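A look at the structure
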Amino acid sequence: LGLAYQKNLLNSRLTNTFFGKYYGMDLQQPETLASTGKVTTASDFNRYYGYGAATRFKITPALGLKASVEKAYRLQEVSELFGNGYDQIANPSLKPENSTNVNAGAFYSIQKEQHRFFAEAGWFYRNAADFIYAVVYQSNSKVSRYENTSKVKVNGLEADVQYDYRDLLHMGVNASYQHAINNTKYPLGSNEGTIEATYRNKIPNQPWLFGNAAASLGKNDLLGKNTRLQINWDMQYVHWFYLTWEAYGAASTKNKVPNQYIQNLSVTYSLQNGRYNISAECRNLADAPAYDNFRLQKPGRASFMKFRYFIK
């Protein structure tokens, strides 16, 4: 549940938002007693409270600044708690992730005649406790399990640039970089002893540099009155990342998810001002190797046809 209050000041040049959030989760775990076969259910309900504030200030009509701070929680997902019966092992003792988040950035938008330009860049910081991440399960390297690590710090940058010319051309590119490190210096529950081998390591099995680029070219009335023909292209890039902790093993023997360059191409033809639409799409145009987290390979090149009709 959430509640927010927003106030506009200085002729709407300054906007402040204050908000609160309530998180509730009831975890029920059926257990079968080996001696009697009787099934019992343990229930555990937990509640958490988050809050924060955000502000945006327009220096000029085209240029503005924005910032926010939040105490937030991320509740466990079903597959993280109970697994999926195939390649994820259950961990019902998994705790929710909580963090203090700070964001700051700037944006610029301008339109001159038929040209529109937009740019945005920002910095984000996360100071997380009980951070949830996937690791290779110790007794079986073919499956993963979600676990908590007590302290994680994340610093990151992100940027987005877009350009439009009339309804003919659109181009955009965005990129994100995040430096997520394990900040747990000593074993859980201890403030002294042997420093953990993974202290200050990047969080494994998680992309840290990725981006997207897209372009579309369209023309009205090219193949008849009230028609539109449009070509869309986009590319997704993910930089390689280690599958497990970088502190373990020699660099030449470590498993890693390799670089990924995935391109998609589609053509759409519409008639009667968009009432009838025919689309042809090819995903992963170059049939490049594509991987999910935990190095699960995604499908290669695939083609689709879609017909869409608006009743009214």
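Residues numbered from 1 in each chain as written. Predicted model: local features only at pLDDT ≥ 70, side-chain atom pairs only at ≥ 80, totals over all residues. Heavy atoms only, no water.

Now for the overall build of the protein chain. Along the backbone of the protein chain there are one helix and 16 strands. By the compact-globule yardstick of 20 Å for 312 residues, the protein chain is too spread out, its C-alpha radius of gyration being 25 Å. Its C-alpha atoms give the protein chain principal-axis dimensions of roughly 75 × 50 × 45 Å. Looking at the protein chain as a whole, 30% of its 312 residues are labelled buried. Looking at the protein chain alone, contacts between residues at least 24 apart form 55% of all its contacts between residues at least 6 apart. A total accessible area of about 19500 Å² is found for the protein chain, and carbon and sulfur atoms account for 55% of it. Each charge class in the protein chain was averaged separately, 35 positive and 24 negative side chains, and the resulting centres sit 6 Å apart. (Helix = DSSP H or I, 4+ residues; strand = E, 2+ residues; numbered from the N terminus. Rg over C-alpha atoms; globule rule 2.2 N^0.38 Å. Buried < 20%, exposed > 50% of the residue type's maximum accessible area, 1.4 Å probe, protein only. Contact = heavy atoms within 4.5 Å. Areas by Shrake-Rupley, 256 points an atom, 1.4 Å probe, with all protein chains shown as cover. Lys, Arg positive; Asp, Glu negative; His and termini not counted. Charge placed at Lys NZ, Arg CZ, Asp CG, Glu CD.)

In this section: the environment of Asp167. Relative to the assigned elements, Asp167 resides in the loop between strand 8 (144–165) and strand 9 (169–182). Between the C-alpha atoms of Asp167 and Ala286, which are 119 residues apart in sequence, the distance is 28 Å. Not counting the four nearest positions on each side in its chain, Asp167 is found in contact with Gly218, Asn220 and Arg228. Within the structure, the side chain of Asp167 is placed 2.8 Å from the side chain of Asn220, a separation counted as a polar contact. (Polar contact = N/O pair within 3.5 Å; in protein donor to acceptor, adjacent residues only side chain to side chain.)

Below, the discussion takes up the nonpolar core. Residues Phe124, Ala128, Phe131, Tyr133, Val135, Val152, Val154, Ala180, Ile203 and Trp245 constitute the largest nonpolar core, which totals 10 residues. Breaking this core down by element, the ones donating at least two residues are strand 7 (115–136) and strand 8. By residue number, the principal contributor to this core is strand 7, which donates five residues. In this structure, Val154 is in contact with Phe124, Tyr125, Arg126, Gln178, His179 and Ala180, ignoring residues within four places of it in sequence. Met25, Leu27, Ile132 and Tyr146 belong to the second-largest nonpolar core, a separate cluster that totals seven residues. (Core = buried A, V, L, I, M, F, W, Y, C linked by side-chain atoms within 4.5 Å.)

Summed over the entire model, instances satisfying the criterion amount to 10 aromatic pairs. An angle of 55° between the planes, with centres 5.5 Å apart, marks the rings of Tyr22 and Tyr49 as tilted. In this pair, Tyr22 sits in strand 2 (residues 14–32) while Tyr49 sits in strand 3 (residues 39–58), placing the two residues 27 residues apart along the sequence. Of the residues examined, Tyr22 reaches a relative accessible area of 27% and is grouped as partly exposed. (Phe/Tyr/Trp six-rings, centres within 6.5 Å; stacked < 30°, edge-to-face > 60°.)

It is worth spelling out the side chain of Asp164 at this point. Mapped onto the elements of the fold, Asp164 is located in strand 8. At 2.6 Å, the side chain of Asp164 and the side chain of His170 are in polar contact.

Right, let's talk about the environment of Ile231 for a bit. If you trace the backbone, Ile231 turns up in strand 11 (residues 228–238). With a relative accessible area of 42%, Ile231 lands in the partly exposed category. A sequence separation of 48 residues divides Ile231 from Ser279, and the C-alpha atoms of the two residues are 9.7 Å apart. Filtering out sequence-adjacent residues up to four positions away, Ile231 remains in contact with Ala215, Ser216, Leu217, Leu265, Ser266 and Val267.

On to a nonpolar patch on the surface. On the surface, Ile59, Leu63, Leu65, Tyr108, Phe117, Val161 and Val173 cluster together into a nonpolar patch covering about 510 Å² of accessible area. Following the sequence through the fold, Val173 ends up in strand 9. (Patch = residues over 30% accessible without salt bridge, like charges linked within 9 Å, V, L, I, M, F, W, Y side chains within 5 Å. Salt bridge = Lys/Arg side-chain N within 4 Å of Asp/Glu carboxyl O.)

So, about the side chain of Ser266. Assignment of secondary structure puts Ser266 in strand 14 (residues 260–271). Sequence-distant contacts of Ser266, that is, excluding residues within four places in its chain, are made with Gln230, Ile231, Asn232, Ala280 and Glu281.

Here the focus is unusual backbone geometry. Here Asn11, not a glycine, exhibits a phi torsion of approximately 55°, which is positive. Here Asn11 lies in the loop between strand 1 (2–9) and strand 2. Among the residues examined, Asn11 registers a relative accessible area of 78% and is labelled exposed. Even without glycine at this site, Asn226 takes up a positive phi of about 60°. With respect to the helices and strands, the residue Asn226 is situated in the loop between strand 10 (209–220) and strand 11.

With that out of the way, let us pick up the environment of Ile181. Following the sequence through the fold, Ile181 ends up in strand 9. Look at Ile181 and you get buried, because its relative accessible area is 6%. Measuring from C-alpha to C-alpha, the distance between Ile181 and Asn201 comes to 5.2 Å, with 20 residues separating the pair along the chain. Setting aside chain neighbours within four positions, we find Ile181 in contact with Lys151, Val152, Lys153, Arg200, Asn201, Lys202 and Ile203.

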